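Spelled out from the first residue to the last, the chains are:
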Amino acid sequence: MKDFLYRALITAFGMGIAAYLVPGIIINSLGALFFSAVLLGVVNAVVRPILIILTLPATILTLGLFILFINALMFLLVARLIPGFYIQTFGAAFLGYIIVTVISWVISSK
């Protein structure tokens, strides 16, 4: 549980940076930021593997690049479910998720 909360805080930090850098991402409160980070972790653990299996042919044809599309969809799904967290375009979700992933990777690697 402690590890999950640590990862949620890292993800929340990355989402805050993404909201600051990407014009199409809006986070209205710290509560929305934290709950969206927790929900993103849950969605990535439950829904994302199912989508990856269902879209395996597209992932193979694109040499794995289709997974970036799935990640952006998960980011959009969380934005639709959490009030106070908005993503205006798919491009903003795509760029935002890349920023969150890179920041999480850099912080977690230390």
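Attention in this report is confined to the structure presented alongside it. These figures come from a predicted structure and were not determined experimentally. (Residues numbered from 1 in each chain as written. Predicted model: local features only at pLDDT ≥ 70, side-chain atom pairs only at ≥ 80, totals over all residues. Heavy atoms only, no water.)

1. Side note on the packing of aromatic side chains
- What the rule picks out here adds up to six aromatic pairs.
- Considering the side-chain rings of Phe-75 and Tyr-97, the 5.6 Å spacing of their centres and the 70° angle between planes classify their relative orientation as edge-to-face. Pair noted here: Phe-75 is in helix α4 (residues 66-81) and Tyr-97 is in helix α5 (residues 90-108), with a separation of 22 residues, a long-range link.
- Accessibility expressed as a relative area gives 11% for Tyr-97, which makes it buried.
- Each member of the aromatic cluster is reached from another via a ring pair, and the members are Phe-66, Phe-69, Phe-90 and Phe-94. (Phe/Tyr/Trp six-rings, centres within 6.5 Å; stacked < 30°, edge-to-face > 60°. Helix = DSSP H or I, 4+ residues; strand = E, 2+ residues; numbered from the N terminus. Buried < 20%, exposed > 50% of the residue type's maximum accessible area, 1.4 Å probe, protein only.)

2. Some details on helix α2 (residues 30-54)
- Given a rise of 1.5 Å per residue, 25 residues ought to cover 36 Å, and the 34 Å separating the end C-alpha atoms of α2 matches this to within 8%.
- The principal kink in α2, of about 40°, is found at Asn-44.
- Within α2 the residues assigned to the buried category are Ala-32, Leu-33, Ser-36, Ala-37, Val-38, Leu-40, Val-43 and Asn-44.
- Where α2 is buried, its residues meet α1 (2-21), β1 (25-27), α4, β2 (85-87) and α5. (Expected span 1.5 Å × (residues − 1). Bend = angle between axes of the 7 residues up to and from the residue. Contact = heavy atoms within 4.5 Å.)

3. Observations regarding the environment of Trp-105
- Looking at the element boundaries, Trp-105 is found in helix α5.
- Distance from Trp-105 to Thr-11, taken between C-alpha atoms, is 9.7 Å for residues 94 residues apart in sequence.

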